[in-house]
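Chain by chain, the residues run as shown.
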Amino acid sequence: MLLTAELLLNYQRCSRRAFLDLYGDRSQRDPPSDYLLKLLQDSQTNQRSLLADQDARQPSYAPRDWKAGAVATLAMMEQGVERIYQGVLIAEGTNGVTLVSNPDLLVKQPGQSHFGDWLYAPTEIKLGKRPKLEYQIITAFHMLVLAQVQGAWPETAWLLLRERGAYSVDLWEMLPRMQAIVDECIQVMLQTEAPEVFIARNRCSLCHWFGHCYAIAKAEQHLSLLPGVTPSRYLQLQALNVTTVKGVAEMNAARLAPLPGFGSETAHKLVRQARSTLHNRALLIEPLASTMLAELPTAPVELYFDIEAEPALNLVYLHGVLVVDRQSQTERFYPLLAERPEDEGLVWEQFLDLVWQYPTAPVYHFCPFEVQTVERLAKLYGTSPQRIRPLLARFVDLHERVTRMVTLPVESYALKPIARWLGFDWRDPSANGAQSIYWYAQWLSTGDRAYLDAILTYNEDDCRATYHAKDWLVNFLQESYQAELA
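The model shown is predicted, which means the values in this text are computed figures rather than measured ones.

Would you mind going over the pairing of strand β5 (residues 105–113) with me for this structure?
A regular strand places its side chains so that they alternate between the two faces of the sheet. Across 3 bridges, strand β2 (residues 83–85) lies against β5 in antiparallel orientation. Within β5, the residue paired with Arg83 across the bridge is Val107. Looking at chain direction, β5 and strand β6 (residues 116–126) are connected through 7 bridges and run antiparallel. By the bridge assignment, Gln109 is partnered in β6 with Leu119. From the end of β5 to the start of β6, which pair antiparallel, there are 2 residues.

In structure tokens:
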């Protein structure tokens, strides 16, 4: 068995993914999304940019022909090449497993090794802005294999990060942690069956096995599809022999509360979530208070606001605002779009002008991102506090209201699952925030306005979904309040 750095990286993210990468039926893999392809392209561009002023030589070998790559890399190391780009290192691990390392860069340094009075230190080039633990573990893995190949341990290993630059990995801390993860990975890879399915949206979204695993989870009605069931809580439920939504729904929350990772509030919330899911109906989280409706103002004019942004460019390229005039019974969508990145400031001013045309209208949005972005842009462009503070006071976070007031039979409290359960759908079912980022990049590179049109359609649907969810929540609370009075 070959344990590559890529396999080890995927194991840290999901043991099942690593197992399927090694043994799974490749025909069951999802094709890469446009956004993932963009990330891969951005990563390659970042590498070229960081290496532009460095004279690095690359060994010649066919893709994934590790043996040929190792032979070519070793020849370069013996010659004392100053910098080796994407070389291959091979060493023997435990249980007959072969370790394969392919650091982005091997840099020659003074010292004693098999080669003479020089040795090499590994550098891993990452698109990320921070030194994630999984990146440091991989860098330590490169160090482990490199030490066997050259017969010496260099004193340092590096991560080369976008914007942050070089980051020195603490090998005293990382090497033992890496070795433990390598040992765990080998044991899992030597098993005859794949680890159990567990769906975690933030971890699974870009995985090429997501469709395959999600179909299994749906067929099994797996508890990981229930919001609030984390891997650690799932283990606690398994220990109680509770493995179904019905089992959780029938539990006494007081039995869960003392368990690690729960507590009284989480226990009650999880049981209520299971009951909502089991019966496919919305539930009030607490007895209705008259103040709850006051937190969802229905005004003559309401604004529904959604932002599209490109984190890699630190750019807000679209402020979408749906103006709902209940008196005139009209709805108008305003797409304030920066067709060029340098237009961000202009679009920001257009947004302010628009929202101040309706100085008393509540501004509904979904999640804190819009508020955080408005605060950031106000600081960036020197906007007067007198213009920002009253505006922020009008913002209403619908996600916060929904999650505090009701429990819904959804797999996630993101906007799409909520709105879809309420009967709303997007004109392009595959559209999402990541796809929007890809479309904007394609617009910048091709000038094809079809990409802009796709972004505007998606953003308008986001605004309308927020509007739909707000009206539903108000009606649900009103009906519940009237039922309590009856």
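From this point, things continue past the structure.
Looking at this structure, I do not really get the sheet that holds strand β12 (residues 330–337). What am I missing?
By way of backbone hydrogen bonds, the strands of a sheet pair with one another, either parallel or antiparallel. What the 5 strands build is an open sheet, ordered β12-β11-β10-β13-β14; its pairing is mixed. Looking at strand neighbours, the two that pair on one side only are β12 and β14 (395–397), the edges of this open sheet. For this sheet the average axis-to-axis angle between neighbouring strands, irrespective of direction, equals 25°. Pairing geometry for strand β13 (residues 363–365) and β14, over 3 bridges, is parallel. Residue pairing for β14: Val363 is matched across the bridge by Phe395. Across the sheet, helix α15 (residues 369–380) is in contact with β10 (301–310), β11 (315–325), β13 and β14; its angle to β10 comes to roughly 75°.

Help me out: how do you make sense of helix α5 (residues 133–150) in this one?
Three- or four-residue spacings in an α-helix give side chains the same orientation, since the helix completes a turn every 3.6 residues. Counted at 1.5 Å a residue, the expected span for α5 with its 18 residues is 26 Å, and the 26 Å between its end C-alpha atoms agrees. In terms of residue burial, α5 counts as a mostly covered element, since 16 of its 18 residues are buried.

Can you help me understand the pairing of β10 in this one?
Buried residues dominate β10, accounting for 10 of its 10 residues. With burial as the criterion, each face of β10 is covered, one bearing Val301, Leu303, Phe305, Ile307 and Ala309 and the other bearing Glu302, Tyr304, Asp306, Glu308 and Glu310. With 10 bridges joining them, β10 and β11 adopt antiparallel strand pairing. The residue of β11 that forms the bridge with Ile307 is His319. Inspection of the sheet shows β10 paired to β13 by 2 bridges, in the parallel sense. Residue Leu303 lies in a different strand from β13, and its bridge partner there is Val363.

Looking at this model, I keep getting lost on the pattern of salt bridges. Mind explaining?
Think of it this way: side chains of opposite charge can pair up when their charged atoms draw near. Counted under the stated rule, the structure contains 28 salt bridges. A salt bridge links Lys38 to Asp42; the shortest N-O distance between them is 2.7 Å. One end of the pair, Lys38, and the other, Asp42, are both in helix α3 (residues 34–51), 4 residues apart, so they sit about a helical turn from each other. With relative accessibility at 7%, the residue Lys38 sits in the buried group. Classification of Asp42 as partly exposed rests on a relative accessible area of 21%. Between Lys108 and Glu82 there is a salt bridge, with its nearest N and O atoms 3.9 Å apart. Of this pair, Lys108 sits in strand β5 while Glu82 sits in the loop between α4 (66–79) and β2, and the two are 26 residues apart along the sequence. Since its relative accessible area comes to 46%, Glu82 is described here as partly exposed. Overlapping salt bridges, with partners in common, bring together Glu331, Arg427, Glu460, Asp461 and Arg464 in one network.

Mind showing me how you'd approach the environment of Val145 here?
Within the element layout of this structure, Val145 appears in helix α5. Under the relative-accessibility criterion, Val145 is labelled buried at 0%. Considering only alpha carbons, one finds Val145 and Ala219, 74 residues apart in sequence, at a separation of 42 Å. With residues near it in sequence (within four places) discarded, Val145 still touches Leu89, Ile90, Ala91, Leu99 and Ser101.

Just checking my understanding: could you explain the environment of Pro335 for this structure?
Along the chain, Pro335 turns up in strand β12. When its relative accessible area of 34% is taken as the criterion, Pro335 is described as partly exposed. A sequence separation of 61 residues divides Pro335 from Val396, and the C-alpha atoms of the two residues are 20 Å apart. If sequence neighbours within four positions are ignored, Pro335 has contacts with Leu318, His319 and Leu456.

What's the story with the state of the cysteines in this structure? I'm lost.
In a disulfide, the sulfur atoms of two cysteines are held together by a covalent bond. Enumeration over the complete set of coordinates arrives at 0 disulfides. Sulfur of Cys185: no disulfide; nearest cysteine sulfur belongs to Cys14 and is 11 Å away. Looking at Cys463, it has no disulfide partner, and the nearest cysteine sulfur is the one in Cys367, 14 Å off. A residue is classified by how much of its surface remains accessible, and Cys463, at 1% relative accessible area, is buried.

Just checking my understanding: could you explain the sheet that holds strand β3 (residues 89–92) for this structure?
If you walk across this open sheet you meet the 3 strands as β1-β4-β3, and the pairing is mixed. Only two strands of the sheet have a single partner each, and these edge strands are β1 (2–4) and β3. Adjacent strand axes in the sheet meet at a mean angle of 25° when their direction is disregarded. As paired elements, β3 and strand β4 (residues 98–101) share 4 bridges and run antiparallel to each other. Residue pairing across strands places Ile90 opposite Val100, the latter belonging to β4. Where helix α1 (residues 5–13) meets the sheet, its contacts fall on β1 and β4, and the angle it forms with β1 comes to roughly 70°.

What exactly am I supposed to notice about the side chain of Glu370 here?
When you line up the elements, Glu370 lands in helix α15. A distance of 3.0 Å separates a polar side-chain atom of Glu370 from the backbone nitrogen of Ile307. What Glu370 contacts, discounting residues up to four positions off in sequence, is Phe305, Asp306, Ile307, His365 and Phe395.

Conventions adopted
Residues numbered from 1 in each chain as written. Predicted model: local features only at pLDDT ≥ 70, side-chain atom pairs only at ≥ 80, totals over all residues. Heavy atoms only, no water. Pairing = 2+ DSSP bridges. Helix = DSSP H or I, 4+ residues; strand = E, 2+ residues; numbered from the N terminus. Axes fitted to C-alpha atoms, helices over the stretch in contact; angles between N-to-C directions. Contact = heavy atoms within 4.5 Å. Expected span 1.5 Å × (residues − 1). Buried < 20%, exposed > 50% of the residue type's maximum accessible area, 1.4 Å probe, protein only. Salt bridge = Lys/Arg side-chain N within 4 Å of Asp/Glu carboxyl O. Disulfide = S-S within 2.5 Å. Polar contact = N/O pair within 3.5 Å; in protein donor to acceptor, adjacent residues only side chain to side chain.

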